[in-house]
Amino acid sequence: MSMKKISEAILGVGVDDTTIDLFESQYPVPTGVSYNSYVILDEKTTILDTVDARATEPWLENLAEALGGCKPAYLVVSHMEPDHGANVAKLAALYPEMQVVGNAKTFQYMEQFFGADAIAPERRVVVKDGESLSLGTHTLTFVFAPMVHWPEVMVSYESSEKVLFSADGFGRFGAVAKFDENADWASEARRYYLNIVGKYGPQVQALLKKAAALDIATICPLHGPVLTGDLGKYLAYYDTWSSYKPEEPEKKKVELGKPVEEASDDAAPAAQVNAANAVKAPLPGTITSIEVAVGQEVKAGDTVVVLEAMKMQNSIEAEKDGKVTAIAVKVGQAVLEDDPLVVVE
């Protein structure tokens, strides 16, 4: 995929990967996948996200064509997962005067991936939820979207052209050049959503509520085609999928496994637990198992629950010796950072 003109000032510089067989070494992608990246030409020309290491060279060629010799003022990092953030340090080295925009968690991950010296502190622009950045005639407003589908994810809304840069939201499997851009979006977007984002329905719902307050004419995701025209149908799909409602309710629903509500009889509403003695979630994720029961004696370091986040199983341990007096979660429940999980007294 060569440079794509989205508007006079906004250019797509992403790359189609048509040689990949399994996305993230798990998901078949017979028609490949796209890694999207964007440029906003303005007084302070801005790049939004980089691409996977598999696509570095063609992306740099597209980027050079789009910039036309201009030096970018900013790189906005929406998501640090390697298929989007692999080239952050490389780009920063190529343009030493360019500042890098992200939130506090973005830079924590950046240091873990590239080292503390890859982006000097004076080059970092740390933004907060709802904060805006003027590029000249364009303005970006940053909307945090934790666990859609990593903790640091944020989307960016450009108000003058009504463009939402949606990170992995509204993405789709398939190289863009392999499809008519609007053909059967739902099929590959559904498969992408269910495999990549599906377990984070409450967090997607929270993002949809924020997006409802924005006047959006164009959605620019990090995978798949740019979405224009009737955006209502795309939003409706995401509302349905993230609400765990059937698209065809008249058809019989097949239940697989134990329902979430039967997962733990010991669960108590979080508001009723003693938060002062609670073991809390260190990051957003989904509870995959509960390893203790009310009344059980535990020692510091014993695993009390297992929390899945970023495709990893995290054992959450008791911080002190004591007795489990309450369990505030159920298997399958999505939790946010600092939510109480288990009370040990």
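From a predicted model like this one, the values you see are computed outputs, not experimental measurements.

Engineer: Describe the sheet that holds strand S17 (residues 278–280), naming the residues involved and giving the relevant values.
Structural biologist: Whenever strands of a sheet pair, they do so through backbone hydrogen bonds, lying parallel or antiparallel. In spatial order, the strands read S17-S24-S22-S19; together these four strands make up an open sheet with antiparallel pairing. Unpaired on one side and paired on the other, S17 and strand S19 (297–298) mark the two borders of the sheet. With three bridges connecting them, strand S22 (residues 322–327) and strand S24 (residues 340–344) associate as antiparallel partners. Residue pairing across strands places Val 324 opposite Val 344, the latter belonging to S24.

Engineer: I'd like to hear about helix H6 (residues 201–211), residue by residue, with values.
Structural biologist: Within the sequence span of H6, burial applies to Gly 201, Gln 203, Val 204, Leu 207, Leu 208 and Ala 211. For H6, the arc enclosing every buried residue in end-on projection is 160 degrees, short of the 170-degree limit, so these residues lie on one face. Its buried side turned inward, H6 meets strand S13 (139–144), strand S14 (154–158), helix H5 (185–197), helix H7 (232–242) and strand S23 (334–335).

Engineer: Run through the pattern of salt bridges, naming residues and quoting values.
Structural biologist: A pair can form between side chains of opposite charge whenever their charged atoms are brought close. Taken as a whole and assessed by the stated rule, the structure comprises 10 salt bridges. Residue Arg 124 pairs with Glu 111 through a salt bridge whose shortest N-O separation is 2.9 Å. Taken together, the residues span a long stretch of sequence, with Arg 124 in strand S11 (residues 124–126) and Glu 111 in helix H4 (residues 104–114) at a distance of 13 residues. We classify Glu 111 as partly exposed; its relative accessible area is 35%. When the shortest N-O distance is used, the salt bridge between Glu 247 and Arg 190 registers 2.7 Å. In this pair, Glu 247 is assigned in the loop between H7 and S17 and Arg 190 in helix H5, connecting sequence segments 57 residues apart.

The rules we used
- Here the residue numbers are simple positions, counted from 1 along each chain's written sequence.
- Given that this is a predicted model, residues contribute local features only at a pLDDT of at least 70 and side-chain atom pairs are listed and counted only at 80 or more, while totals for whole chains, interfaces and linings are drawn from all residues.
- Hydrogens and waters are ignored; side-chain quantities use all the structure's heavy atoms.
- The rule for pairing is simple: two strands pair if DSSP sees at least two bridges between them.
- Secondary structure follows DSSP: runs of H or I at least 4 residues long count as helices, runs of E at least 2 residues long count as strands, and numbering of each begins at the N terminus.
- Remark: exposure states derive from per-residue accessible area (1.4 Å probe, protein chains only) relative to the maximum for the residue type, with buried under 20%, exposed over 50%, and partly exposed in between.
- Here the arc refers to the set of directions running from the helix axis out to each C-beta atom.
- Any pair of residues with heavy atoms lying within 4.5 Å of one another is described as a contacting pair.
- For salt bridges, the criterion is a side-chain nitrogen of Lys or Arg within 4 Å of an Asp or Glu carboxyl oxygen.

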